[in-house]
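Given next are the chains, with one letter for each unit.
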Amino acid sequence: MKRFFAFLAIAFILYIIYYDVSFGTLPVAKNETIEATEVIAQTPNNPYTEIKVNAGDTLLSIVEKINEGKQISSIETVIKDFEVLNPDSQAELLKIGKTYKFPLYTDE
């Protein structure tokens, strides 16, 4: 009887590992796109675009998507620029569904 329960426990653990690797355990939105506004506003030396934050988005992931192929100097610069554009918000505490201003970078 102990062998049977040991076998069931091992089978269950292997199934859990298989399920975790195949499907994952956290809900992830598939094929979700970033919604950007059509107008790109510009303040003195601070071009930005307004984007609504979706589940799973981070500051760095959004900035990398909107600045694809452009050189971003450092994450500290991105955080500083984000907090300058959004003075009432912290970069670490993005809220799902809220629209924020994200910095745009040039290839200079």
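Coordinates for the structure precede this section.
The paragraphs below set out a description of the structure included in this document.

About the thresholds
Residue positions are counted from 1 within each chain, in the order its sequence is given. Confidence filtering applies because this is a predicted model: local features only for residues at pLDDT of at least 70, side-chain atom pairs given and counted only at 80 or more, and all residues used for totals across whole chains, interfaces and linings. In computing side-chain values, all of the structure's heavy atoms are included and hydrogens and water are not. Helix axes are fitted to C-alpha atoms over the stretch in contact, other axes to C-alpha atoms as well, and angles between N-to-C directions run from 0 to 180 degrees. Going along the chain from the N terminus, every DSSP run of H or I of four or more residues is numbered as a helix, and every run of E of two or more is numbered as a strand. For classification purposes, angles smaller than 35 degrees are called roughly parallel, those larger than 145 roughly antiparallel, those between 65 and 115 roughly perpendicular, and all remaining angles oblique. By definition, residues are in contact when any of their heavy atoms lie within 4.5 Å. Residues are sorted three ways: Asp, Glu, Lys and Arg are charged, Ala, Val, Leu, Ile, Met, Phe, Trp, Tyr, Cys and Pro are nonpolar, and all the rest, Gly among them, are polar. Only buried residues count toward a nonpolar core, which is a set of Ala, Val, Leu, Ile, Met, Phe, Trp, Tyr and Cys residues joined through side-chain atoms within 4.5 Å. Partly exposed residues are those whose accessible area sits between 20% and 50% of the maximum for their type, while under 20% is buried and over 50% is exposed, using a 1.4 Å probe and protein chains only. By this rule the span expected of a helix is its residue count minus one, scaled by 1.5 Å.

1. Regarding the packing of helix α2 (residues 59–66) against helix α3 (residues 75–85)
It is at 11 Å that the axes of α2 and α3 come closest, and there the two elements cross at 95 degrees. The angle between α2 and α3 falls in the class roughly perpendicular. Two secondary-structure elements touch here, α2 through Leu59, Leu60 and Val63 and α3 through Ile75, Val78, Ile79 and Phe82. A per-class count over the contact of α2 with α3 returns seven nonpolar, no polar and no charged.

2. Quick look at the nonpolar core
Among the nonpolar cores identified, the biggest contains twelve residues, and these are Ile51, Val53, Leu59, Ile62, Val63, Val78, Phe82, Ala91, Leu94, Tyr100, Phe102 and Tyr105. Elements supplying a minimum of two residues to this core: α2, α3 and β4 (99–103). Among the elements that take part in this core, α2 stands out by supplying three residues, more than any other. Residues within four places of Phe82 in sequence aside, it is in contact with Leu59, Ser89, Gln90, Ala91, Leu94, Tyr100, Lys101, Phe102 and Pro103.

3. Points about helix α1 (residues 2–22)
For α1, with 21 residues, the first-to-last C-alpha span of 30 Å sits near the 30 Å given by 1.5 Å per residue. With its phi angle positive at about 85 degrees, Gly24 sits one or two positions after the end of α1.

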